[in-house]
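Descriptive analysis of the structure
These are the residues of each chain, in order.
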Amino acid sequence: MKKIFFLFTALTSFYLFSCSKSNKEEMISTISKESFGKLPDGQEADLYTLTNSKGMTVNITNYGGIITKLTAPDKNGEFADVVLGFDSLAPYLAGHPFFGALVGRYGNRIAKGQFKLNNEEYKLAINNGPNSLHGGIKGFDKVLWKATEINKDSIVGLQLEYVSKDMEEGYPGNLTVKVVYTLDNDNALSINYTATTDKPTVINLTNHSYFNLTGLKRDILDHEIMIESDSIVPIDTTLIPTGKLRAVEGTPFNFRKPAKISAGINKVEDEQIKNGGGYDHCWVLKRKEPGLVLFATAKDPESGRKLEAFTTEPAVQFYSGNFLDGTLKGKNATYVKRFGFCLETEHYPDSPNQPQFPSTVLNPGDTYQTTTKYRFSAK
């Protein structure tokens, strides 16, 4: 009788465990929505939480398309937030260095806030020294996007749409933009950008997340970075490209093999390190084939967290948080100098004024399309 009882108990426990596990697998890939606060004009911003079957979560608000939180596991399976940002809307409205934001119409800098297109000159807002940066005074990081939830085929996501009117921030053409964030069960967050226009214009969209794989415990100087690139786009003292490329061989910019960020970041005897105040440069990606390719990895040796980055773009702006100064605090951390790093996939800075660079012109009838993916693991 005891054997029968124990057998029944074991089978019952196994059944309950199996059901629980099955339900967990079925239920855990979700997307939910909550209020994130009101904008000064009274519009409501929402916050969406994407969760996959591994327990990874990504929080995105339709205000600026901002990634406010992203959790990734360490070598012990413990999840922690690995992006800089805030827990509420107010600090974003008060001003921040593009934490987690969608950037456009033109990511990075345009010299003196002006460019010519089809013999017509366009003037943009000057908001970064003598130059225009990241779309101007009110770029895509400061607008409310139309959001649509996605939940199918074990993938959860958020589709964001925005129509940038002709001459908004000085850019020509009515630009219709769609950005889709998707989180899969391989702990990968993909960002797909598409856009069309009714007049010739320039476009260079990216995401400006600041990563910190320690789980926001300390700065990123001990992170080991690899970038598949043989050359950078050197800059002048105003961070505008000189127009020529520079080989990374024999310089602090050589990350063709994994190296600590700290190894070369303070070598101010190198003019480019001095001009950028560290790393704030565009790396030209080495491509063997078109499409989505691995272009960079980053690892925190202590936690074991690893980030693999893929893109269809020709370049990436690697930024080492040089302008963070400790005046901003969020999510139980003070954002001091070099507390986060960015991998902003892009075309080259100032391309509208540099005809030798890959073109950023979008014409009517054509579709702008790029994809970037960030995959997280630990070892």
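Residues numbered from 1 in each chain as written. Predicted model: local features only at pLDDT ≥ 70, side-chain atom pairs only at ≥ 80, totals over all residues. Heavy atoms only, no water.

Quick look at the pairing of strand S1 (residues 30–38)
One face of the sheet, then the other: side chains in a regular strand alternate in exactly this way. Applied cut-off: Following DSSP output, two strands are said to pair if at least two bridges run between them. Going along the chain from the N terminus, every DSSP run of H or I of four or more residues is numbered as a helix, and every run of E of two or more is numbered as a strand.
The pairing of S1 with strand S2 (residues 44–51) spans 8 bridges and is antiparallel. Its bridge partner being in S2, Thr30 is matched across the sheet by Thr51.

Quick look at the packing of aromatic side chains
Applied cut-off: When the centres of two rings from Phe, Tyr and Trp lie within 6.5 Å, Trp using its six-membered ring, the rings pair. Their planes under 30 degrees apart give stacked, over 60 give edge-to-face, and anything left gives tilted. Residue exposure (1.4 Å probe, protein chains only): buried if accessible area is under 20% of the type maximum, exposed if over 50%, otherwise partly exposed.
Tallied over the entire structure, the rule returns 27 aromatic pairs. Taken together, a centroid distance of 5.7 Å and an interplanar angle of 90° make the contact between Phe140 and Trp145 edge-to-face. Exposure remark for Trp145: the relative accessible area of 2% places this residue in the buried category. Aromatic side chains Phe211 and Tyr374 sit 5.1 Å apart centroid to centroid with 55° between the ring planes, which places their arrangement in the tilted category. Taken together, the positions of Phe211 in the loop between strand S16 (206–207) and strand S17 (224–227) and Tyr374 in strand S29 (residues 368–378) put the pair 163 residues apart, joining distant regions of the chain. In this structure, Phe211 and Tyr374 share a single accessibility class: buried. Put simply, the rings of Phe36, Phe86, Tyr92, Phe99, Tyr210, Tyr319, Phe323, Tyr335 and Phe339 pair up and form one aromatic cluster.

Some thoughts on the side chain of Glu313
Definition in use: None of His or the chain ends enter the tally, which takes Lys and Arg as positive and Asp and Glu as negative. The rule for a salt bridge is simple: a side-chain nitrogen of Lys or Arg has to be within 4 Å of a carboxyl oxygen of Asp or Glu. Should any heavy atoms of two residues lie within 4.5 Å, those residues are considered in contact.
The topology assignment puts Glu313 in the loop between strand S23 (305–311) and strand S24 (315–319). An unpaired buried charge is present at Glu313: no salt bridge exists, and Arg287, the closest side chain of opposite charge, is 7.2 Å distant. Setting aside anything within four residues of it in sequence, one finds Glu313 in contact with Asn204, Leu205, Leu285, Arg287, Thr345, Glu346, His347, Tyr368 and Thr370.

Considerations on the pattern of salt bridges
In the structure shown here, the tally under the stated rule is 15 salt bridges. In this structure, Lys123 engages Glu121 in a salt bridge whose closest nitrogen and oxygen atoms are separated by 3.1 Å. Of the charged contacts, one joins Arg375 and Glu308 as a salt bridge, the two residues approaching to 3.1 Å between their closest N and O atoms. Placement of the pair is Arg375 in strand S29 and Glu308 in strand S23, with a sequence separation of 67 residues. According to the relative accessible area criterion, Arg375 is partly exposed, its value standing at 22%. The exposure class assigned to Glu308 is buried, which follows from its relative accessible area of 15%.

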